[in-house]
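Structural features, examined
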Amino acid sequence: MEFRRITSLPPYVFTIIDTLKIEARRAGEDVIDFGFGNPDLPSPEIAVDKVVEAVRNPRNHRYSSSRGIPKLRQAVSNLYLRRFGVALDPDTEVINTIGAKEGFSHLMWTLLGPGDAALVPSPSYPIHIYGPLFAGADIREVPLGTGRDFFESLQEAWEYSWPKPRVIVMSFPHNPTTTCVDLEFMQKVVDFAREREVVVVHDNAYADLGFDGYSPPSILQAEGAKEVAVEIYSMTKSFSMAGWRVAFLVGRSDVVQALAKLKSYLDYGTFQPIQIAATVTLNEVPDYPKVVQEIYQSRRDALCSGLQRIGWDLDPPMGTMFVWAPIPEPYRDMGSIEFASFLVREAHVATSPGVGFGPGGDGHVRFALIENEQRTSQAIRNLRRALTRLR
């Protein structure tokens, strides 16, 4: 049988490293895992207490609302006003999604179809590439992190594309390249989109993970943004609630309502006790993201300074929970899959091969900041022993 939507999907290259990691652990090796960006920090205690309380109430066992309960949407509106100075109507400009990936994927269904095109950074988080493809559209990859001005590349890609792209997909701070932008950049993108009637979708997954005083902007802070832009905000990283699957689409009202209409056919929303717990968390521990940010910054410092000490040249990121590390020159001919495999076998350190984020990532590996400073120090010692060509 032909499975048409998935037949053209390439092999998921991250499984190669996962298999090597599992084999090493079965052999008794201690593999230090920087591969999967799965937050290890605990969720806020108040979220855990509230979900336990709410789940004991039988009224919360029934179907919920696919749009999100009203108090949750109001809490998100309050967050945007507090964090970004952006006023949102909780009834028309906010919708709850079952995590960012679900929200993004179904949003692509509402915006794109066969014969349409989207502009997507390359390399990118895989769903940003495959979400438009699942909708039947084509993508035009825009190089990111190559030393070229990304906005100029974006303009050029739009001008030379046919059909003209209907959607621009962005995510800053960016996974995997950790590229960060300022509000001036966001304003340029919004102005560009308004002139050309393009919808901008900004995945703001790392909204609260800026380092060294950098505060990531929301695209909705740009003048006129609500005419063209929507943004995804997630509690996964900011509140360390990855498994809870709580995210939101906010911004341009007709786009938000289009997703609401589609979701009304597809789901009944996140389990209501989770929505209740998320509401209380947003309202009562709004500073929790600061606690999370400080931990990730400390881990970034430990990893980057350690890699630099052993001769691995890289720039510490200004945001995200990742380090995007160019493969050291003596090993660059390996490519990212072979090099990442080498690190598991010889150093017992797992990373993500850059090619898994698109061909433009093949000269890099990605470290996720999910190990504490002690484990990171051990990883640096292992890498020092294994990377003999750096000496």
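Since the model is a prediction, treat every value here as computed from it, not as a measurement.

With the rule as written, the count across this model stands at 21 salt bridges. In this structure, Glu53 engages Lys50 in a salt bridge whose closest nitrogen and oxygen atoms are separated by 3.2 Å. Of this pair, Glu53 and Lys50 both sit in helix H2 (residues 45-55), three residues apart, roughly one helical turn. A relative accessible area of 52% places Glu53 in the exposed class. When its relative accessible area of 21% is taken as the criterion, Lys50 is described as partly exposed. Where Asp254 meets Arg252, a salt bridge forms, and the shortest distance between an N and an O atom there is 2.6 Å. On the basis of relative accessibility, which here comes to 21%, the residue Arg252 falls in the partly exposed class. Among the ionic contacts, a cluster of salt bridges with common partners joins Asp18, Lys21 and Asp33.

So, about helix H11 (residues 288-309). Under the 1.5 Å per step criterion, the end-to-end length of H11 is 32 Å for 22 residues, consistent within 8% with the ideal 32 Å. Along H11, the residues that are buried comprise Tyr288, Pro289, Val292, Gln293, Tyr296, Gln297, Arg299, Arg300, Leu303, Cys304, Gly306 and Leu307. Close packing links the buried residues of H11 with helix H8 (235-238), strand S9 (322-326), strand S12 (364-368) and helix H13 (373-386). Phi turns positive one or two residues past the end of H11, at Gly311, with a value near 95°.

Generally, phi is negative for residues other than glycine and the peptide bonds are trans, each holding for most cases. At the junction of Phe172 and Pro173, the peptide bond is cis and its omega measures out at -5° in the coordinates. You can see Pro173 is positioned in the loop between strand S5 (167-170) and helix H7 (183-196). In the segment running from Asn175 into Pro176, the intervening peptide bond is cis, with an omega of 20°. Position of Pro176 among the secondary structure elements: in the loop between S5 and H7. With a phi angle near 65°, Thr178 is a residue other than glycine that sits in the positive phi range. On the secondary structure map, Thr178 appears in the loop between S5 and H7. Thr178 gets classed as buried once you look at its relative accessible area, which sits at 11%.

Procedures and definitions
Note on numbering: residues in each chain are counted from 1, in written sequence order. Totals for whole chains, interfaces and linings use every residue, but because this is a predicted model, local features are given only for residues with pLDDT of at least 70 and side-chain atom pairs only at 80 or more, for both listing and counting. Only hydrogens and water are removed before side-chain values are computed, so all heavy atoms of the structure are retained for them. Every case where a carboxyl oxygen of Asp or Glu lies within 4 Å of a side-chain nitrogen of Lys or Arg is listed as a salt bridge. Helix and strand definitions follow DSSP, with helices as H or I runs of at least four residues and strands as E runs of at least two, each counted in order from the N terminus. Summary of the burial criterion: residues with accessible area below 20% of their type's maximum are buried, those above 50% are exposed, and those between are partly exposed, where the area comes from a 1.4 Å probe applied to protein chains only. Expected span, for any helix, means 1.5 Å times one less than how many residues it has. The contact criterion used is simple: two residues touch if any of their non-hydrogen atoms lie within 4.5 Å.

Geometry only, nothing functional implied.
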